[in-house]
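In case you want the letters, here they are:
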Amino acid sequence: MQSVEQKAIADWLAAKTGKPVQLSNVRALSGGAIQENWAADIDLGDEVIAAVIRCDAPSSVSDSLSRQQEFALLKAAFANGVTVPGPLWLGDPALLGRDFFIMRRANGTAAGHRLVRDLSLANDRPALARQLGRELARIHGIRPPRDDLDFLPLPEIHPAQEFVDSARAFLDQYHSAFPALEWGLNWLEDNMPAQEPLCLVHRDFRTGNYMVDENGLTAVLDWEFTGWSQPLEDLGWLCARCWRFGQQGDDYAVGGIGHRDDLFAGYQEVSGRKLTAEQVYYWEVFAHLRWAMIAIKQGERHLSGAEPSLELALTSHIVPELELHILRMTGLEG
Amino acid sequence: MRIQPDGINLLDTVTALLRDQVLPSAAADQQYALRMALNAIGIARRQLANGSQAEQQEQALMAELLAEQGSHEQLSRLLARQVREGKVKSSMPLRDLLWQVTLQRVRESAPRYLKQEG
């Protein structure tokens, strides 16, 4: 971040807070392709806040949420007791020429590959799984209608049916056919559970998208796909085999770090709702289908020449194992 | 006649070089890039070693079971449509076909899955 931008933010905060504001230790943090994140220490004279300035990347072309919407979600989640980085100020886009907001900086790491193997992080794993359950229950406690979240579209049909319909529409116009995904989509349609009331669903709640330090969970991140949906969608996403970072077996079913029983116990603690693995199974299949569709689209960004990237190219090659696992989970095996 | 070593041999040699000599001393963010590169070389090597034989066999089998002629892509599209219309569910040969073509993709793209899941 250029020093002129830093100064603009400091002056703007000084006017807002009536305090002499200085920014220091400004440095780039690794982030997604859509955002640009900067760590900064914000000195307010009587207090130094460890903060993150989260901006749109200059080349942002995305249908995910805007920074303004993400800020509204962080506020709603924070108010409902979800462990998120405390939202501080929504930025004035004129300052940086793009949207941004400022939030508190959480400690620890989000790196999934590291977390599943390094037991010095969140070393009480059953406690971490229970904590994740409590966090999800708090997110799902947020229900429509909400004026502050009115930018989130309300699904008009069952959210799973909406997904099936949009996936088929995409596959119909795509240059390659995916017979195994068609099989999975039919299964989702044939086995769809009755719709329950809509609630806020994070939709990317998995290992890699929450931060932990040596004591446990410090922040739930990445709210850019959040929407109104079915609560079990989040549980299926978190438990799906494709997000276990290579860990195997029931003891690691929850994002490669814990057992479903602990996750469900934490969920029940807050929501009062008792979950079973059978109920979540449908949404684990759903998670594989959804991830496969996202992976195809990410790979296409490379394949089309729009954004040449080895990481995106390899994402396409995740699709086959998702397909085979979907066939397995839905009773088709050779 | 191409000169030896051939493409597969070169990819194997590059893999060994990156894995044994470059990776161990690389910085953390470089290691991630190197692992991606090794993964990509592995996929390319397996595709090169398989050639087009598996795809031709698949095409012939799809043509036979679907009783249609066409390119691999056209027949895959037809298989996909038949799955969506529910015609594959009740046909053991078509179910087996769907399994086999999916399995073949995994053998090339992610053989680790087969090692983990058997």
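Look up: the structure comes first, before these words.
The rules we used
Residues numbered from 1 in each chain as written. Chains lettered and ligands numbered in written order. Predicted model: local features only at pLDDT ≥ 70, side-chain atom pairs only at ≥ 80, totals over all residues. Heavy atoms only, no water. Contact = heavy atoms within 4.5 Å. Buried area = accessible area lost by both parts, 1.4 Å probe. Salt bridge = Lys/Arg side-chain N within 4 Å of Asp/Glu carboxyl O. Helix = DSSP H or I, 4+ residues; strand = E, 2+ residues; numbered from the N terminus. Nonpolar A, V, L, I, M, F, W, Y, C, P; charged D, E, K, R; others polar. Expected span 1.5 Å × (residues − 1). Buried < 20%, exposed > 50% of the residue type's maximum accessible area, 1.4 Å probe, protein only. Polar contact = N/O pair within 3.5 Å; in protein donor to acceptor, adjacent residues only side chain to side chain. Phe/Tyr/Trp six-rings, centres within 6.5 Å; stacked < 30°, edge-to-face > 60°. Lys NZ or Arg CZ within 6 Å of the ring centre and 35° of its normal.

Engineer: Sorry if this is basic, but what is going on with the interface of chain A and chain B here?
Structural biologist: Interfaces are often described in size by the accessible area the parts lose on coming together. In this assembly, 32 residues from chain A lie in contact with 32 residues from chain B. Taking both sides of the interface into account, the surface hidden between chain A and chain B amounts to around 3,000 Å²; carbon and sulfur atoms contribute 58%. Our count for the contact surface shared by chain A and chain B stands at five salt bridges. For the side of chain A that touches chain B, the secondary structure elements donating two or more residues are helix H6 (159-173), helix H7 (179-190), helix H11 (310-316) and helix H12 (319-329) of chain A. Ranked by residue count, the leading element in the side of chain A that touches chain B is H12(A), at seven residues. Residues belonging to the side of chain A that touches chain B are distributed by class as follows: 13 nonpolar, nine polar and 10 charged.

Engineer: What should I look at first to understand helix H5 (residues 92-109) of chain B in this one?
Structural biologist: Between its first and last C-alpha atoms H5(B) spans 26 Å; for 18 residues at 1.5 Å apiece the expected length is 26 Å, and the two agree. Listing the buried residues of H5(B) in full gives B:Leu94, B:Arg95, B:Leu97, B:Leu98, B:Trp99, B:Val101, B:Thr102, B:Leu103, B:Gln104, B:Val106, B:Glu108 and B:Ser109. Lining the buried residues of H5(B) we find H7 and H12 of chain A together with helix H2 (28-50), helix H3 (53-66), helix H4 (72-84) and helix H6 (111-117) of chain B. Where H5(B) begins, the side chain of B:Ser91 points an oxygen toward the backbone nitrogen of B:Leu94, at a separation of 3.2 Å.

Engineer: Whenever I open this one, the packing of aromatic side chains confuses me. Can you help?
Structural biologist: Both the distance between ring centres and the angle between the ring planes are used here to describe each pair of aromatic rings. All names here are of chain A. Throughout the structure, instances matching the rule amount to 12 aromatic pairs over all chains. Pairing Trp 187 with Tyr 281 gives two aromatic rings, centres 6.5 Å apart and planes at 75°, and the pair type is edge-to-face. Remark: Tyr 281 occurs in helix H10 (residues 277-303) and Trp 187 occurs in helix H7; sequence separation between them is 94 residues. By relative accessible area, Trp 187 is classed as buried at 16%. By relative accessible area, Tyr 281 is classed as partly exposed at 33%. Arg 290 extends its terminal NZ or CZ atom over the ring of Trp 237, reaching a point 4.5 Å from the ring centre. Above the ring of Phe 170, the side-chain terminus of Lys 297 is found at 4.9 Å from the ring centroid.

Engineer: Can you help me understand the side chain of A:Glu36 in this one?
Structural biologist: Residues and elements named next belong to chain A. Mapped onto the secondary structure, Glu 36 falls in strand E2 (residues 35-43). The class for Glu 36 is buried, based on a relative accessible area of 19%. In this structure the side chain of Glu 36 is engaged in a polar contact, spanning 2.6 Å, whose partner is the side chain of Arg 98.

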